[in-house]
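# Remarks on the overall topology
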Amino acid sequence: MKKIKTQRATLTNSLMIFLVALSTMFSTISAQEPVKLGFIPLTDCSPIVMAKELGLFKKYGVEVIVTKESSWANVRDKILTGELDGAHCLYSMPFSVYTGVGGKAGSEMKIAMMLNVNGQAITLSNDFCGKVGFKQMNKVTPVVAAKLKAEKEVTFAMTFPGGTHDLWLRNWMSVAGLNQKAVKIITIPPPQMVANMKVGNMDGYCVGEPWGGVAVKQGIGFTQVATQDIWKDHPEKALVVNKDFSAKHKADLVKVMKAVMEACKWLDVPGNRKKAASIIGKAPYVNAPAEVIENRLMGNYDLGCNQGTEIYDNDYMLFYKGGMVNYPRKSHAIWAMAQYVRFGYLKEAPDYKAIADKLILQDLYEEVAKSMNVKVPTDDMKPFSLTMDKTVFDPNNPAAYLKVVKK
């Protein structure tokens, strides 16, 4: 009897050891599961792509798979379901989705850090060539009015409702004095903009590079303004992550952020931009001519329509700027949501600050920045104004701004 009990005890101990080993094995496998990051084929996907290409994710001890996505709606859906842990994303998308403008209201996507400022453009078709010049805002509305009279419809495209390109387009119209209800505004994925303009599906569009530059190179449109002309150093793309990933895999997220931060620093060295352009221009990434990507990355804008070249020396696409770029500001979130009220997406003002607090991982960013000796800006929640529209926006009082800003 004693022998049987001893055998049972031995079997029990062996089983326990096996179960512990099995648990450890699965835990190890789970811990080593790669992080999945998406991107849209745009020049400003560079921080994620170059972090991969330069081996920076490996340097910080995290395995990352990067995948090309077809549209911003696709990115939204995959982040929300967890199919992607995060992505290169329109900075305003989380607020658009949460407020119900561009998705199911209440759906949470978290902003970990910013990726870039500047570097988008308003491109007009050749129908406008010779009638509206570079930054000639006062000529836009008369030409559109004449075109409406002749053709009954004028169409502009952006990339996602409530996204950055939507907001730049509507702010451009406002400055030009163009009635937004008089024209048609459609949603087109970034890589499809040039092809759609080529076949006459739109009269103009707002999108990120290189698709403004590609339109010029192909001779189907011209640059009327760059978005840095509308708002110098405006926020643009962000590293946006799945809610559960940010909560349950914080250590991996921190490693990803550190790698992306280092890539942003690398990209802001002018001598590195030629190499970046040659890499991201390849088919697996942006699939566009490296020379077009490089020129606009360097601030050399061939405007098209025999307008010559515009040189941007301190306000082209920037990825770091001493840490000024990467800090996710709540004031910028509040500004974006105020635009939703301004342009009729929302009938009532949302709880601006509560939403910004919920969706921006500002404390985590500050933790990462401190560990990398990156200066954290102190300008958040201070009043500011855009370059073209001088109306002062106080993030502490959006209602006052909405009373005076042009619709």
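Heads up: these notes are all about the structure in this document. (Residues numbered from 1 in each chain as written. Predicted model: local features only at pLDDT ≥ 70, side-chain atom pairs only at ≥ 80, totals over all residues. Heavy atoms only, no water.)

### Side note on the overall build of the protein
For clarity, the threshold we go by: Numbering of helices and strands runs from the N terminus, with a helix taken as a DSSP run of H or I at least four residues long and a strand as a DSSP run of E at least two residues long. Radius of gyration: C-alpha atoms only; globule rule: 2.2 Å multiplied by the number of residues to the exponent 0.38. Burial here depends on accessible area, computed with a 1.4 Å probe over protein chains only, as a share of the maximum for the residue type. Under 20% is buried, over 50% is exposed, and the range in between is partly exposed. Two residues qualify as a contact provided that any one of their heavy atoms is within 4.5 Å of a heavy atom in the partner residue. With residues, only the protein chains shown are counted as cover, and all accessible areas are computed by Shrake-Rupley using a 1.4 Å probe.
In terms of helices and strands, the protein carries 18 helices and 12 strands. The C-alpha atoms of the protein give a radius of gyration of 24 Å, which matches the 22 Å a tight globule of 407 residues would have. Of all 407 residues assigned to the protein, the portion counted as buried reaches 57%. Taking all contacts inside the protein whose residues are at least 6 apart in sequence as the whole, residues at least 24 apart take part in 77%. Roughly 17,200 Å² of accessible area belongs to the protein as shown, and the carbon and sulfur atoms make up 54% of that amount.

### Focus on helix α15 (residues 330–342)
Using the following cut-off: What a helix is expected to span follows from its residue count: subtract one and scale by 1.5 Å.
Over its 13 residues, α15 runs 18 Å from end to end, which matches the ideal 18 Å to within 8%, given 1.5 Å per residue. Most of α15 sits inside the fold, with 13 of its 13 residues counted as buried. Just past α15, the residue Gly 344 takes up positive phi, approximately 85°.

### Some thoughts on the pattern of salt bridges
Let me state the cut-off plainly: The rule for a salt bridge is simple: a side-chain nitrogen of Lys or Arg has to be within 4 Å of a carboxyl oxygen of Asp or Glu.
Inspection of the entire model under this criterion finds 25 salt bridges. Among the ionic pairs, Glu 236 bridges to Lys 237, the shortest N-O distance being 2.8 Å. A relative accessible area of 0% places Glu 236 in the buried class. A salt bridge links Glu 294 to Lys 274, with the nearest nitrogen and oxygen atoms 3.4 Å apart. Highlighted residues: Glu 294 in helix α14 (residues 290–297) and Lys 274 in helix α13 (residues 273–280), separated in sequence by 20 residues. Here the salt bridges do not stand alone but share partners, grouping Glu 108, Lys 110, Lys 243 and Lys 358 into one network.

### Considerations on the nonpolar core
Rules: Among buried residues, those of type Ala, Val, Leu, Ile, Met, Phe, Trp, Tyr and Cys that are joined through side-chain atoms within 4.5 Å constitute a nonpolar core.
Ranked by internal contacts, the top residues of the largest apolar core, which has 131 residues, are Phe 95, Phe 156, Trp 172, Leu 239 and Trp 335. In terms of residues, this core owes the most to one element, helix α12 (residues 250–267), which gives 11 residues. Discounting chain neighbours no more than four positions away, the residues touching Phe 156 are Leu 124, Val 144, Leu 169, Trp 172, Met 173, Leu 178, Val 183, Lys 184, Ile 185, Ile 186, Asp 203 and Gly 204. Listed in part, the 9 residues of the second largest apolar core include Val 117, Phe 134, Tyr 316 and Leu 318.

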